[in-house]
Amino acid sequence: MGIYAVKTTARQEQTVADMIATKEEDEIHAVLSPDSLTSYVMVEADGTAALERLFDEIPHARSIVPGESGLAEVEHFLSPTPDVEGIAEGDIVELIAGPFQGEKARVQRIDEGKDQVTVELYEATVPIPVTVRGDQIRVLDSEER
């Protein structure tokens, strides 16, 4: 049993992954279509024979990349990266969602466990700490750069 890379048409990775997953093949165990991997779908299967049989039925599947991958090579696709990664205290950010959308703020504290950031709004007359999710901000200026 190994992990194989299937070449697909660009931006059709999810379609191909869904079609492979819905086929009832005992030899295919799992399908992975990470957003960061363009034009490829990773398939865990007993061999390439089952995948080759499916190519006639799946329009956007192009070919199987020769060779087999191990779990260590695809493991980084399996664990999500926190939204607060790359954000540091003191960074200038823009709030891109929520009631303060469009406001600029300075990062005061980062809670990686909860994936939250506490910021202090720039234009506020009274400094008010606001806690937002990491996906609700965009870094404008970083002190580390």
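Overview of the structure. Computed from a prediction, not measured in an experiment: that's the story for all the values here. (Residues numbered from 1 in each chain as written. Predicted model: local features only at pLDDT ≥ 70, side-chain atom pairs only at ≥ 80, totals over all residues. Heavy atoms only, no water.)

**A word on the overall build of the protein chain**
Quick note on the threshold: Working definition: helices are DSSP H or I runs of at least four residues, strands are E runs of at least two. Numbering for both runs from the N terminus. Our radius of gyration looks at C-alpha atoms and nothing else; its globule reference is 2.2 Å times the residue count to the power 0.38. When accessible area is computed with a 1.4 Å probe and restricted to protein chains, residues below 20% of their type maximum are described as buried, those above 50% as exposed, and intermediate ones as partly exposed. Working rule for contacts: check all heavy atoms of both residues, and any pair within 4.5 Å makes them a contact. Lys and Arg are tallied as positive, Asp and Glu as negative. Neither His nor the chain termini are counted. A charged residue contributes its charge at one atom only: NZ of Lys, CZ of Arg, CG of Asp or CD of Glu.
Scanning the protein chain for helices and strands turns up three helices and nine strands. Going from the N terminus to the C terminus, the protein chain shows its helices and strands as β-α-β-β-α-β-α-β-β-β-β-β. Relative to the compact-globule value of 15 Å for 145 residues, the protein chain shows a C-alpha radius of gyration of 22 Å, a clear excess of over 25%. By its C-alpha atoms, the protein chain is 65 × 25 × 25 Å across when sized along the principal axes. The 145 residues of the protein chain split such that 34% are buried. Considering only residue pairs separated by 6 or more positions, the protein chain has 56% of its internal contacts joining residues 24 or more positions apart. Here the protein chain contributes 12 positively and 30 negatively charged side chains, and the mean placements of these two sets differ by 7 Å.

**Structural notes on the layout of surface pockets**
The condition that has to hold: Grid points spaced at 1 Å over the protein atoms alone were grouped into cavities, where a 1.4 Å probe fits but cannot get out, and pockets, open sets with protein on both sides within 12 Å along at least five of seven lines, with lining residues defined by an atom within 4 Å of a point. Grid points are joined across faces, edges and corners, and a volume is the space filled by probe spheres set on the points. Asp, Glu, Lys and Arg are counted as charged, while Ala, Val, Leu, Ile, Met, Phe, Trp, Tyr, Cys and Pro are counted as nonpolar; the rest, among them Gly, fall into the polar class.
In this model, the largest pocket occupies a volume close to 190 Å³. In terms of lining residues, the largest pocket is bounded by 14 residues, among which Ile3, Ala30, Glu44, Leu71 and Val74 are the most central. When residues of the lining of the largest pocket are traced back to their parent elements, those giving at least two are β1 (2-8), β2 (28-32), β3 (40-45) and α3 (71-78). In terms of residue class, the lining of the largest pocket is made up of ten nonpolar, three polar and one charged.

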